[in-house]
Amino acid sequence: MNLPALLIHKDKILNNTRTVSSLLKERGLSMVGVAKGVLAHPEVVKAMVEGGADGLGDSRIDNLRRLREMGYTGKTVLLRAPAPSQADLAVRYADVSLNSEPATVQALGRAARSSGKVHKVILMVDLGDLREGVLAERALAVAERMVNEEGIILEGIGTNMACYGGVEPTRGKMEELLSVKREIEEGLGLRLPTVSGGNSANLSLVMDGAMPEGITELRIGEGVLLGQEAVQRRPIPGCFRDAFIIRAEVIETSTKPSKPWGNVGQDAFGRIPFFLDLGLRKRAILALGRQDVVPDALAPVDEGITIVGASSDHLICDVQEALRDVSVGDTLDFLPQYGAVLAAATSPFVEKVVVQ
Ligand SMILES: *Cc1c(COP(=O)(O)O)cnc(C)c1O
């Protein structure tokens, strides 16, 4: 195995997808499996489909193209609003896209008409997280402009929370979304079959039995990849939280002072670092860095090991209290949070290894 490596336990992702999709189905919700956290890795995607995902979503058109090229024929959902210049590609590879700009939907309409297709649009509503979406009071007017575009079907409305502003998708926010839906349906005299309530942060509401009736789908990545909801990172019962492991190799071990000596200026990333003097400590340097992972999003699997810092190519660990001897050439394993899985999956330096 080339190192560093991202170990992917496919059977755990399959189990997690089954668990989450049946939890959602019990509550009348369908599940779009979100593949962007793993660069639409074919084996992960297969596990999601086998596990019961009712469609696959990604924020990148490139990843949706990959899904088609690997033979996936189910529903594809483009999660990030396409740029107007990408309208042709969006219509080609996505059956549905999440949108908030009428001008983009016009471009999608033109692309759909010229390729003889029909493209479905979910109108995104911003309920306070301040990323994408129209404000609730503008939703009816924007929906009206989208619904008249030939080649476009306004399939429903949706929202996305807990991403930029960290605002929680509470029951109240979901009810707000449902009232926007009713306002559009009554105002335009049509039915909106889909209410796409959010991402893995919404699993909290589902687990607590507090999701209001009328929300029809969630778009789930982290929940099935890491077996946790995304507000407090509570485990989902029946899911594995160690479907991914980052493995890297030790390239230096030594006992050194814990505090740098000399005049301390900026580090490699323009920050002035701060160090506590803990005396002499045994440390290990691993061939793993910011080009491979998000170091802050890693937890060492071995007890007694802590990450003390990282640069582009080096991860520095304190191994003074490690329960085993750590030597050059040894490997250490880390449990990655979402940001580290995403970085490792998209880094050309990290080998992706599917564990059967
Ligand atoms: C990434 C993304 C998701 C999936 O988020 P998870 O927290 O990984 O479930 C859902 N919706 C949108 C719009 C996204 O960009």
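Here, the structure is the one placed above.
Quick caveat: nothing in here was measured; it's all calculated off a predicted structure.

Is there a simple way to explain the overall build of the chain in this structure?
Counting its secondary structure elements, the chain contains ten helices and 17 strands. Relative to a compact globule of 356 residues, whose C-alpha radius of gyration would be 21 Å, the chain shows 23 Å and is just as compact. The buried share of the chain, taken over its 356 residues, is 49%. Here the analysis covers contacts within the chain between residues at least 6 apart in sequence; of these, 64% occur between residues at least 24 apart. As displayed, the chain has an accessible area near 16,300 Å², and 50% of this comes from carbon and sulfur atoms. Across the chain, 40 positive and 46 negative side-chain charges occur, with their mean positions spaced 3 Å apart.

I would appreciate a short explanation of the pairing of strand 15 (residues 315–318) in the present structure.
Along any regular strand the residues' side chains alternate between the sheet's two faces. Of the strand pairs in this sheet, strand 12 (residues 280–286) and strand 15 are connected by four bridges, and their pairing is antiparallel. By the bridge assignment, Ile-285 is partnered in strand 15 with Ile-316. The pairing of strand 14 (residues 306–310) with strand 15 spans four bridges and is classified as antiparallel. Bridging across to strand 15, Thr-306 finds its partner in Asp-318. The antiparallel pairing of strand 14 with strand 15 creates a hairpin that spans four residues between the two strands.

What exactly am I supposed to notice about the pattern of salt bridges here?
Pairing is possible between side chains of opposite charge, provided their charged atoms come close. By the definition in use, this model includes 24 salt bridges. The shortest N-O distance in the salt bridge between Lys-46 and Glu-43 comes to 3.1 Å. Of this pair, Lys-46 and Glu-43 both sit in helix 2 (residues 42–50), three residues apart, roughly one helical turn. Where Arg-171 meets Glu-175, a salt bridge forms, and the shortest distance between an N and an O atom there is 3.2 Å. On the criterion of helical spacing, the pair formed by Arg-171 and Glu-175 is a turn pair, its members being four residues apart in helix 7 (residues 171–188). Since its relative accessible area comes to 37%, Glu-175 is described here as partly exposed.

Honestly, a nonpolar patch on the surface in this entry has me stumped. Any pointers?
A contiguous nonpolar surface patch, about 390 Å² in accessible area, is contributed by Phe-274, Leu-276 and Leu-278. With respect to the element layout, Leu-278 can be found in the loop between strand 11 (244–257) and strand 12. You can call Leu-278 exposed: its relative accessible area is 55%.

When you look at the packing of helix 5 (residues 102–114) against helix 6 (residues 139–147) in this model, what are you seeing that I'm missing?
Two packed helices can be described by the angle between their axes and the distance between those axes. Helix 6 packs onto helix 5 with a crossing angle of 15° between their chain directions and a minimal axis gap of 9 Å. The pairing of helix 5 with helix 6 is recorded here as roughly parallel in orientation. Two packed elements cross with a definite hand, and for helix 5 against helix 6 that hand is right-handed. Residues Pro-102, Val-105 and Gln-106 of helix 5 lie in contact with helix 6, whose contacting residues are Val-142, Arg-145 and Met-146. Residues belonging to the contact of helix 5 with helix 6 are distributed by class as follows: four nonpolar, one polar and one charged.

Would you mind showing me how to read helix 5 here?
Because the α-helix completes a turn every 3.6 residues, residues three or four places apart line up on one side. In this model helix 5 runs 18 Å from its N-terminal to its C-terminal C-alpha over 13 residues, within 8% of the 18 Å that 1.5 Å per residue would give. All of the buried residues in helix 5 are Pro-102, Thr-104, Val-105, Ala-107, Leu-108, Gly-109, Ala-111 and Ala-112. Contacts made by the buried residues of helix 5 are with helix 4 (87–93), strand 5 (96–99), strand 6 (119–126), helix 6 and strand 8 (152–158). Just beyond helix 5, the residue with positive phi is Gly-116, at close to 65°.

Would you take a moment to explain the environment of Met-146 for this structure?
Here Met-146 shows up in helix 6. Measuring from C-alpha to C-alpha, the distance between Met-146 and Asn-99 comes to 9.7 Å, with 47 residues separating the pair along the chain. Filtering out sequence-adjacent residues up to four positions away, Met-146 remains in contact with Asn-99, Ser-100, Glu-101, Pro-102, Val-105, Val-121, Leu-123 and Ile-152.

Looking at this model, I keep getting lost on helix 10 (residues 338–346). Mind explaining?
The complete set of buried residues in helix 10 reads Tyr-338, Ala-340, Val-341, Ala-343, Ala-344 and Ala-345. Each element contacted by the buried residues of helix 10 is listed here: strand 1 (5–9), helix 9 (222–226), strand 11, strand 13 (298–300), strand 16 (331–336) and strand 17 (351–355).

What exactly am I supposed to notice about the packing of aromatic side chains here?
Within a pair of aromatic rings, the relevant descriptors are the distance that separates the centres and the angle that separates the planes. Applying the stated criterion across every chain yields a total of zero aromatic pairs. Positioned above the aromatic ring of Phe-269, the side-chain terminus of Arg-290 is 5.0 Å from the ring centre.

Explain the site of the ligand to me, please; I cannot follow it from the model alone.
Lining the immediate surroundings of the ligand are 14 residues, of which Lys-36, Ser-200, Arg-219, Gly-221 and Glu-222 lie closest. With respect to the ligand, the side chain of Asn-160 contributes an N or O atom lying 3.3 Å from a nitrogen atom. At 2.8 Å, a backbone N or O of Glu-222 approaches an oxygen atom of the ligand. Burial of the ligand by the protein amounts to 93% of the accessible area it has alone, namely 380 Å². A breakdown of the residues in the shell around the ligand according to their chemical character gives five nonpolar, four polar and five charged.

So, how was this worked out
- Residues numbered from 1 in each chain as written.
- Predicted model: local features only at pLDDT ≥ 70, side-chain atom pairs only at ≥ 80, totals over all residues.
- Heavy atoms only, no water.
- Helix = DSSP H or I, 4+ residues; strand = E, 2+ residues; numbered from the N terminus.
- Rg over C-alpha atoms; globule rule 2.2 N^0.38 Å.
- Buried < 20%, exposed > 50% of the residue type's maximum accessible area, 1.4 Å probe, protein only.
- Contact = heavy atoms within 4.5 Å.
- Areas by Shrake-Rupley, 256 points an atom, 1.4 Å probe, with all protein chains shown as cover.
- Lys, Arg positive; Asp, Glu negative; His and termini not counted.
- Charge placed at Lys NZ, Arg CZ, Asp CG, Glu CD.
- Pairing = 2+ DSSP bridges.
- Salt bridge = Lys/Arg side-chain N within 4 Å of Asp/Glu carboxyl O.
- Patch = residues over 30% accessible without salt bridge, like charges linked within 9 Å, V, L, I, M, F, W, Y side chains within 5 Å.
- Axes fitted to C-alpha atoms, helices over the stretch in contact; angles between N-to-C directions.
- Parallel < 35°, antiparallel > 145°, perpendicular 65-115°, else oblique.
- Left-handed = near helix turned anticlockwise from the far one by under 90°.
- Nonpolar A, V, L, I, M, F, W, Y, C, P; charged D, E, K, R; others polar.
- Expected span 1.5 Å × (residues − 1).
- Phe/Tyr/Trp six-rings, centres within 6.5 Å; stacked < 30°, edge-to-face > 60°.
- Lys NZ or Arg CZ within 6 Å of the ring centre and 35° of its normal.
- Near = heavy atom within 4 Å.
- Polar contact = N/O pair within 3.5 Å; in protein donor to acceptor, adjacent residues only side chain to side chain.

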